[in-house]
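Read off the chains here:
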Amino acid sequence: MKYRNLGKSGLKVSELSFGSWITFGNQIDQGTSKELMKTAYDAGINFFDNAEIYAEGRSEEVMGKILKEFGWSRDSYILSSKAFFGIRGLESSKPTQTGNNRKHLTEACHQALKRLQVEYLDLFLCHRPDKSTPMEETVRTMNTLIEQGKIFYWGTSEWSAQEIMEAHMVARENHLIGPTLEQPQYNMLHREKVENEFLQIFKTVGLGTTIWSPLASGILTGKYNDGMPDDTRLNLEELNWLKDRNVVEEKIGKVRQLTQLAKDLDTSMPLLALAWCLKNENVSTVILGASKVSQLEENLKAASVTDKLTEEVMEKIESILDNKPRLPSF
Ligand code: NDP
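Definitions and limits used
Residues numbered from 1 in each chain as written. Predicted model: local features only at pLDDT ≥ 70, side-chain atom pairs only at ≥ 80, totals over all residues. Heavy atoms only, no water. Phe/Tyr/Trp six-rings, centres within 6.5 Å; stacked < 30°, edge-to-face > 60°. Buried < 20%, exposed > 50% of the residue type's maximum accessible area, 1.4 Å probe, protein only. Lys NZ or Arg CZ within 6 Å of the ring centre and 35° of its normal. Helix = DSSP H or I, 4+ residues; strand = E, 2+ residues; numbered from the N terminus. Expected span 1.5 Å × (residues − 1). Arc of directions from axis to C-beta. Contact = heavy atoms within 4.5 Å. Polar contact = N/O pair within 3.5 Å; in protein donor to acceptor, adjacent residues only side chain to side chain.

1. A few points about the packing of aromatic side chains
- Applying the stated criterion to the full structure yields 11 aromatic pairs.
- A ring pair is formed by phenylalanine 84 and phenylalanine 85, whose centres lie 5.0 Å apart and whose planes are at 80°; its orientation type is edge-to-face. Both residues of the pair, phenylalanine 84 and phenylalanine 85, belong to the buried class.
- One aromatic cluster is present, formed by Tyr41, Phe48, Phe70, Trp72 and Tyr77 through successive ring pairs.
- The side chain of lysine 34 reaches across the aromatic face of phenylalanine 70, ending 5.4 Å from its centre.

The following block contains the structure:
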């Protein structure tokens, strides 16, 4: 396992990390969750990602119980939580139970510590931007949580470059600590923010990124190429919206071509897709998700495939993703 600095901070995060969205406390049982955590930790993964809203808090409870059972030294891993949506989501929560205001962020932090059974979070993120809370209130709250030793670094998720810069400006003006990282979606089918919008702030503020859904929820494994397999994420009824958005001919058509390319390179589609994410130096860590130990074991080999991503291969991938006709070679 290789380790990268989280942006300009000194924190060393494993280039592959592990998250529990959809799976823990929901799709998979406690035993499988435990095996997944052990497989990840034993392979050198040092960052585990979570959020208040994952399985209405149960994901944090499951992870907390596992961390306690294993008893790994607290200084050997990085733990995150994210707040904004509340445990039950924006629609079902009371007005004080959501958002990036002082009350919710502080209470959400305390509740996450309790569910995860730890004394501090290494990373605490605003899960989405909140236009109804003044930026200074959010930045001050995060700064206070840092000063109280309840969190070490704070970050954002799915914020725009402008919002992240505003947070940094407010922090600078008030001698507070700005966000160290952003958690954006990034994969072969979703690239805009990481490759364009954030380019400037990678340079100016040295933003770290913990990227999510590197396999586009499984589409980029190629397993949806020939129809809908049983027992997979996009078969879950609660995720019909995700299926409708992703299992569309335009995307699947590209993945079919990429799957052939992976075969030609003597690797698998998931490894090609993950290695492609790792290749981007502005990515601090690729958060893996898995419902089975065998998936995680396969995905952990991603770094060994980066060598196959020569300039020529990257161009081939580009031509598939851009859907541009390939120029004839002379
Ligand atoms: P992926 O896009 O990698 O999807 C993971 C899922 O794909 C698995 O659960 C599994 O689903 C399937 N899969 C993974 N590997 C394989 C394989 N080798 N072969 C076949 N199927 C495979 O990542 P996630 O969407 O899970 O995101 C990773 C993490 O990012 C989350 O756990 C969470 O921590 C974070 N996240 C953050 C968000 C945010 O808003 N900040 C939003 C979403 C995620 P199955 O077997 O069920 O088909």
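2. Some remarks on helix H4 (residues 102-116)
- For H4, spanning 15 residues, the distance from its first C-alpha to its last is 21 Å, which sits close to the expected 21 Å at 1.5 Å a residue.
- The complete set of buried residues in H4 reads His104, Leu105, Ala108, Cys109, Ala112, Leu113, Arg115 and Leu116. Looking straight down H4, one finds its buried side chains confined to an arc of 165°; they lie on one side.
- Close packing links the buried residues of H4 with helix H3 (58-70), strand E5 (78-83), strand E6 (121-126), helix H5 (135-147) and strand E7 (151-157).
- Its side-chain oxygen placed 3.2 Å from the backbone nitrogen of lysine 103, asparagine 101 serves as the N-cap of H4.

3. Things to note about the environment of threonine 133
- Take threonine 133: it is sitting in the loop between E6 and H5.
- C-alpha separation for the pair threonine 133 and cysteine 277, spaced 144 residues apart in sequence, amounts to 33 Å.

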